[in-house]
Amino acid sequence: MSAELHESGVDREFLSLERELTLLLRRARASSGEMARQVHPDLEPAAYGLLVCLDDSGPQRATDLAAYIGVGKATMSRQLRALEELGLVAREPDPADGRAWLVHLTEEGGARFRTVRAGRRERYVRQLAGWDRAEVAELARLLHQLNSSAEG
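Caption draft 1: Summary view of helix 6 (residues 107–127). With 21 residues, helix 6 ought to run about 30 Å at 1.5 Å a step, and its terminal C-alpha atoms sit 30 Å apart, in line with that. Of all the residues in helix 6, the buried ones are G109, G110, F113, V116 and R117. The buried residues of helix 6 occupy an angular sector of 140 degrees when projected down its axis, which confines them to one face. Exposed residues lying more than 90 degrees from the buried face of helix 6 are E107, T115, V125 and R126.

Rendered as structure tokens:
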């Protein structure tokens with residue numbers, strides 16, 4: 001395929017999408033590290049997503065968290081152990097299955113996380129202050145559509 005053909009037509013839109021997503025993801029990784037440190041100085045950036053999931057969905061089994069984040073059981077166990085040691089999450093027996101455990105945010109973990117999340121939301125509001133609410137809603141809808149297609 002020639003470079004000329006590659007740059008024209010439909011391919012141009014996909015190249016533009018790739019550039020914009022690359023930039024967005026690079027910034028998101030840096031932002032996740034910053035937010036993780038704000039929750040707790042020793043929190044790994046990758047564990048921030050676990051806090052998001054627990055805050056959004058409530059207590060979860062470790063296997064469900066691993067599937068949501070896309071990591072193996074060993075990685076999830078290590079991350080949860082670290083979060084427990086920091087006092088951000090705790091485990092309790094699953095009332096539906098006595099052999100299983102549910103992971104939940106501790107009171108301190110929830111408070112720390114929600115403070116950082118509120119700050120992040122305020123940054124979005126400032127960054128998108130010039131946008132119409134319908135544009136923000138459309139961006140959220142399109143990102144949801146992209147995330148959903150990536151899962152399937």
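Caption draft 2: Summary view of the side chain of Q79. Along the chain, the position of Q79 falls in helix 5 (residues 73–85). Under the relative-accessibility criterion, Q79 is labelled buried at 5%. Each residue touching Q79, except ones within four places of it in the same chain, is listed here: E44, A46, A47 and L50.

Caption draft 3: Main features of the pattern of salt bridges. The tally for this structure, following the rule as stated, stands at ten salt bridges. Taken together, the salt bridges that share partners define one network made up of D55, D56, R114 and R117.

Caption draft 4: Spatial organisation of the nonpolar core. Within the largest apolar cluster, 23 residues are counted, with the highest numbers of intra-cluster contacts made by L43, Y48, L51, L65 and L83. Secondary-structure elements contributing two or more residues to this core are helix 2 (9–39), helix 3 (48–57), helix 4 (62–69), helix 5, strand 3 (97–105) and helix 6. Per-element tally for this core: the top contributor is helix 3, with six residues. Setting aside residues up to four positions removed in sequence, L83 forms contacts with L43, A47, L50, L51, L88 and V89.

Caption draft 5: Helix 5, seen in detail. The terminal C-alpha atoms of helix 5 lie 18 Å apart, and with 13 residues this matches the ideal 18 Å at 1.5 Å per residue to within 8%. Considered for burial, the residues of helix 5 that qualify are M76, Q79, L80 and L83. Buried residues of helix 5, viewed axially, fall in a sector of 100 degrees; they line one side. Turned more than 90 degrees away from the buried face of helix 5, the exposed residues are A74 and E85.

Caption draft 6: Structural detail: the side chain of D94. Mapping D94 onto the fold places it in strand 2 (residues 89–94). When its relative accessible area of 8% is taken as the criterion, D94 is described as buried. Polar side-chain contacts of D94 include one of 2.9 Å to the side chain of R61. Once residues lying within four places of it in the same chain are set aside, the contact partners of D94 are R61, A100, W101 and L102.

Caption draft 7: Up close: the pairing of strand 3. The pairing of strand 1 (residues 60–61) with strand 3 spans two bridges and is classified as antiparallel. Residue pairing across strands places Q60 opposite V103, the latter belonging to strand 3. Between strand 2 and strand 3, which follow one another and run antiparallel, lie two residues.

About the criteria used
Residues numbered from 1 in each chain as written. Predicted model: local features only at pLDDT ≥ 70, side-chain atom pairs only at ≥ 80, totals over all residues. Heavy atoms only, no water. Helix = DSSP H or I, 4+ residues; strand = E, 2+ residues; numbered from the N terminus. Expected span 1.5 Å × (residues − 1). Buried < 20%, exposed > 50% of the residue type's maximum accessible area, 1.4 Å probe, protein only. Arc of directions from axis to C-beta. Contact = heavy atoms within 4.5 Å. Salt bridge = Lys/Arg side-chain N within 4 Å of Asp/Glu carboxyl O. Core = buried A, V, L, I, M, F, W, Y, C linked by side-chain atoms within 4.5 Å. Polar contact = N/O pair within 3.5 Å; in protein donor to acceptor, adjacent residues only side chain to side chain. Pairing = 2+ DSSP bridges.

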